[in-house]
Amino acid sequence: MMREAAFFILYFLYVWLRINPGLHNQRQDPVFLLDSGFLRDCLLRPSGPAECVSALFTQLFSLPVVGALLVTAAAWLLTRMTCSLIQAIGKGHKPKVAHFLPALLVLMLQSLYTHSFSVTLGALTVVGCILLQVQTGSSVLLRIACFLALGAFSYWAAGAWLLVFGLAASLNEALAHRHRILGLVFLSVTALLPFIAKQAVFVLGARNAYLIGLPFSETYHPRIAPFLFVGFFPVLWLYAGPVAIGRLRLPGAKILKHDWVHFALGTLVLAGLGWCAASVSFNPRMHRLLQVDYDARRERWDAILRVAARDRSDLIQVAHQTNRALFHTGRLLDDMFAYPQIHGTAGLLLPREYGFSAPLQESDFCLDLGSINESRHWAYEALSTAGRTPWILKRCAFVNLAMGDLRAAERCLNMLDRTVFFHAWAVRTRRLAADSALAAKDPAVARARALLPSKDYLSFVGHPPSELDTLIHQHPENRMAFEYRVALDLLDCRLTDLPYHLLRMKTFQVAAIPRHLEEAMIAYWAMLKIRELPAVARLVRPERYQRFREINRVLTDYGGDKQAARAEMERRFGDTFWYYLAYNPTIERLRSQALQERGGLE
Amino acid sequence: MNRYTKAAKSFAVALLVALAAGCGTGGDPKEAEPVRRPPRIEPDYAGAVIPPNIAPLNFMVLEKAGEYRVEVSCAQGSPIRIVSRKPSIRIPLAPWRELLARNRGGAVRVSVSASDETGRWLRFDPFENRISADSIDGWLVYRRMPPLYRFWKKGMGIFERNIQTFEETRLLENESLNDGCFNCHAFCRNRPDRWMVHLRRVPATGMLLTVGGQTTLVNTQTEFNRAPAGHPAWHPGGNFLAFSTYKVRQFFHATGVNRDAYDMVSDLILYRVDANAVTSSPALADPKRMETYPAWSPDGKWLYFCSAPGFDTSTVFLDENYRNIRYDLVRVGFDPETARFSGLETVLSASDLGGSVAHPRVSPDGRWLLFCRSGYGNFPLFRSAGDLVMLDLESSRVRWLDAVNSSRSEGYHTWSSNGRWFVFSSTREDGIHTRPYFSHVDPDGNASKPFVLPQEDPSRYEHELETYNIPELVSAPIPQGSRLLTESALRQDKGIKAKYSPSM
């Protein structure tokens, strides 16, 4: 008992602090509506009940501690039921470690952030059904009736988990009741039931009829985990049956007779299995990506920068959100090269394929940028691809409100009223929709409205520089468009427009020129080899020139060999534009461009 | 004991009275104050002409009140009385049908009273609907889905709605079909025994063709048309289908209606059902022009369609050149015996119209051609205002349907089989979600104020985030069930591939 308690406390802590169910919610953002139509649809398809309950629970995952409690509770319940099952088929044989295996497999599956909690619920449902079937008395008729009723129920509630139930029931007939013919009949009925359901009850394809609700996907790590999970329960008969009738003699059985040896060995095995399960299944890259995404959705910009500084991710999405966080903390043009910019401009603006696969994130970004119509476009793309999830509904409501399309906003709010956690948000936003003075005071609405384009232009995926220029032209106070335009030039090592950027900077009344801009200007003047610096050079802080002299000195120390100097350069100047410029493949292009445009500054 | 029995009896009587009031026998309090204006209701049904076989026009009263009393009455028959504490007014189906059936050609009057917070009763001016003597086809088939821009995954389906009741049947849903896409569906003369729906990546791409009791998946791609066929139009004889084959490009505006699109290339093709063959003609596939939206005349001797000069796609965004793409309405003669086209002529030029033509549909009597006019291009629902326009094919006069059009877009209309009604999609409510609206057309081509498809829950449109695409009126329910259609769509091995035949 103590071991079990300790196991599940560790289990809970691991799920909460390492896996973080909040990231499941972030990745899956499931639809769950307190709406008769939604609930009816759920109940009218196989596996619908498990998916519906899972969608509700996954909403609760947005509070990671609650999510961890739910996952742990489900794993514990599965362990208890498995224990009972082993005892039932093993004629009282009490398992020592085997009953923990499903919980460990759940842990492995749960490490995949696309894993639906409905799989675990399906397993729980079916193990419950197997238990009932196994415990049904000796009457053949009763067992047949029970099998048919539980089989139909498990298909409706958990989908193709029925196959596990059917296989277990037939093994039970063949091995426990020695009724091989009935076992075969059960097996045949199990194989036929999805076909009958597909033909007579539900509208679904043949593949779906036999796989719905089961966790077969190539994305699990290791790939065998879902097969082990599904196959575990029928295999129990091959293990517990022989143990029960004394045929299976485990090696070292004599030593195991000592309780303390048994306990110690069992604990050791369990700990080893737990460690293996955790280490082989956890995907740190995906965890990092989702963590950054999770924080971005909640506008926790400092948290993103902390993760980015700690993990130095090479993921383009992380680079994108890091740059966004840098802007929101007012550090983009001062510190962007302190973070990996290996993707160049693609890490700044979302590349095409990223926008397509993450439309809500694209909508967030467009909203930041002041491209409100595009933000609405991507919000509705998200609605078409992911459904009426709370975050998507929020975004649709907000952009419609900001654009003054109150009727469309009201529709989204009415739907949001039907979600579990966002009713209060809907009420607050409805107040803004009803009272234009109140809406004007709301900072987010006011900002979005202030940046509404005054004149039409065409928007293209990937936000080309011309689009940023249009945004700045229409709203010179659009700081994000401006900073992103400058950052775009820096990442592209395109420095000819720097003087114009400096002029535009006056709009924002900044105390000092951002560091990277200073660095870029010094580099530009140096490359042009102009003898007399322009007047604007006085605005560059002296320490910046000093740093530039230092970097040149390091390079001279290495005889001008850039590659030989790279390690020291990275250590001392890795957070500067100069380092990016020196070790960026676009430098050659820049050189030829600078030569062509020489004198552009004078 | 006796006293208790009396009290119980009194309570039972009171309860019965209350229940009876709730069941529709209550009336307005006599002291109700007149408000001198009709009540604000949603959907706005006031003043619309309605078919005698339409489902009850349930509505929401947008007046705050503790209780609502509604009386629905006609010259003939008993009035329907509804008492409700909620603003959602649901008219019982059976008495409504009886009332409408007895008053064809008459009017139905709706009186609303409401009690305010103090318990004071207010009586609003009643509003009326004229009950047309002309019935409407009883079923409506549409695609319902979230507003589609470029991507889709969930929640797309083809539905059949009995518009005489509230029964909605799902014919196809994309979650059962590998998240594929359905679009154009079309019926031959509003009949459910000859119809088709176009499928994309379910996993097959092609049309699901139903002829008689047989449903077959047909791949319409041939050596002539690499792109699959869309925008179908059934020849009234039922053996030919005209299609447009096109490549569309979408783009997006920073202000106003966000979505926009143009056809980069397009041609018309003809599919012959009994020969499973595709053909075309220089008149339908002129390399210098783009042809789209075919529509047959009811005698089957003319094929109407939209046609625009080709353009240089590489400069389409320069100087907003895409705004210069305007479609004429043209027609070409057709001989069903030889399947040959001849005599291409312009019916209405874009320059004369001052806009671009899309979605032409000829009325079943051949007198009217209803089309959609927009500023440019062939996607009127992507314009801030695309209007329905009626062309008198006898006099060639154009009639602007002011009573029908809104400040937003209308389009994708179809006629009822008797030609007295048409249904169309409109984004008038919020500019995003299209809803099906019905309008009555009198013999002189005058269209009445339209009304939206009634729903059992009158607040449904207020929270529904789905659009209703391509509403098509059908005279009877589709006999094939969802399962059969789904299986036919999934069985690629049983599908057939159309062959190209330069002449038929």
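Residues numbered from 1 in each chain as written. Chains lettered and ligands numbered in written order. Predicted model: local features only at pLDDT ≥ 70, side-chain atom pairs only at ≥ 80, totals over all residues. Heavy atoms only, no water.

Caption draft 1: Molecular detail of the overall build of chain B. Each helix and strand counted, chain B has five helices and 36 strands in total. Its C-alpha radius of gyration of 25 Å places chain B within 12% of the 23 Å reference for a compact globule of 504 residues. Taken over the C-alpha atoms alone, chain B extends approximately 95 × 50 × 45 Å along its principal axes. Within chain B, the fraction of its 504 residues that count as buried is 58%. Taking contacts inside chain B between residues at least 6 apart in sequence as the whole, the part at least 24 apart equals 59%. Split by element, the accessible area of chain B, about 20,300 Å² in all, is 50% carbon and sulfur. When the 61 basic and 56 acidic side-chain charges of chain B are each reduced to a single mean position, those positions are 4 Å apart. (Helix = DSSP H or I, 4+ residues; strand = E, 2+ residues; numbered from the N terminus. Rg over C-alpha atoms; globule rule 2.2 N^0.38 Å. Buried < 20%, exposed > 50% of the residue type's maximum accessible area, 1.4 Å probe, protein only. Contact = heavy atoms within 4.5 Å. Areas by Shrake-Rupley, 256 points an atom, 1.4 Å probe, with all protein chains shown as cover. Lys, Arg positive; Asp, Glu negative; His and termini not counted. Charge placed at Lys NZ, Arg CZ, Asp CG, Glu CD.)

Caption draft 2: Main features of the pairing of strand S22 (residues 289-296) of chain B. Residues and elements named next belong to chain B. Taking burial as the measure, the eight residues of S22 include seven buried ones, the bulk of the element. For S22 and strand S23 (residues 302-309), the ladder comprises six bridges, and the chain directions are antiparallel. Of the residues in S23, the one forming a bridge with methionine 290 is alanine 308. In this antiparallel pair of consecutive strands, S22 and S23, the connection spans five residues, and glycine 300 shows a positive phi of 75°. (Pairing = 2+ DSSP bridges.)

Caption draft 3: Spotlight on the sheet that holds strand S17 (residues 214-219) of chain B. All names here are of chain B. The strand order across the open sheet built from five strands is S14-S15-S16-S17-S35, with neighbouring strands paired in mixed fashion. Two strands close off the open sheet at either side, each with one partner strand: strand S14 (181-188) and strand S35 (496-497). As defined by bridge partners, S14 adjoins strand S15 (residues 191-200) across six bridges and the pair is classed as antiparallel. Within the sheet, the bridge partner assigned to histidine 185 lies in S15 and is valine 197. Here helix H5 (residues 482-490) sits on the sheet and contacts S15, strand S16 (206-211) and S17; the angle it forms with S17, its principal contact strand, is near 30°. (Axes fitted to C-alpha atoms, helices over the stretch in contact; angles between N-to-C directions.)

Caption draft 4: Region of interest: the interface of chain B and chain A. Across the contact, 40 residues belong to chain B and 43 residues belong to chain A. Looking at the side of chain B facing chain A, the largest losses of area belong to Phe151, Leu465 and Arg483 of chain B, adding up to 20% of the total buried there. Scanning the region where chain B abuts chain A turns up eight salt bridges. We note a salt bridge from arginine 407 of chain A to glutamate 42 of chain B, for which the minimum N-O separation is 2.8 Å. Viewed at the interface, chain A and chain B are joined by 29 residue pairs in polar contact (both at pLDDT 80 or more). (Buried area = accessible area lost by both parts, 1.4 Å probe. Salt bridge = Lys/Arg side-chain N within 4 Å of Asp/Glu carboxyl O. Polar contact = N/O pair within 3.5 Å; in protein donor to acceptor, adjacent residues only side chain to side chain.)

Caption draft 5: Structural context of the layout of surface pockets. The volume enclosed by the second largest pocket comes to roughly 1,300 Å³. For the second largest pocket, the lining is made up of 48 residues, of which Leu148, Tyr149, Arg200, Val248 and Gln250 of chain B are closest to its centre. When contributions to the lining of the second largest pocket are tallied by element, the ones reaching two or more residues are helix H18 (352-357) of chain A together with strand S11 (139-145), S14, S15, strand S18 (229-234), strand S19 (240-253), strand S20 (259-272) and strand S34 (467-474) of chain B. Among the elements that make up the lining of the second largest pocket, the one with the highest residue count is S19 of chain B (seven residues). Split into classes, the residues belonging to the lining of the second largest pocket amount to 26 nonpolar, 14 polar and eight charged. (1 Å grid on protein atoms, 1.4 Å probe; cavity = no way out; pocket = protein on both sides within 12 Å on 5 of 7 lines; lining within 4 Å. Points joined across faces, edges and corners; volume = space filled by probe spheres on them. Nonpolar A, V, L, I, M, F, W, Y, C, P; charged D, E, K, R; others polar.)

Caption draft 6: Spotlight on the sheet that holds strand S25 (residues 340-348) of chain B. Residue and element names in this part refer to chain B. Spatial ordering of the open sheet is given by S22-S23-S24-S25, a layout of four strands whose pairing is antiparallel. In this open sheet, the two strands that pair with only one neighbour each are S22 and S25. Within this sheet the neighbouring strands show an average axis-to-axis angle of 30°, counted without direction. Sheet analysis places strand S24 (residues 328-335) next to S25, joined by six bridges and oriented antiparallel. Within the sheet, the bridge partner assigned to arginine 331 lies in S25 and is glutamate 345.

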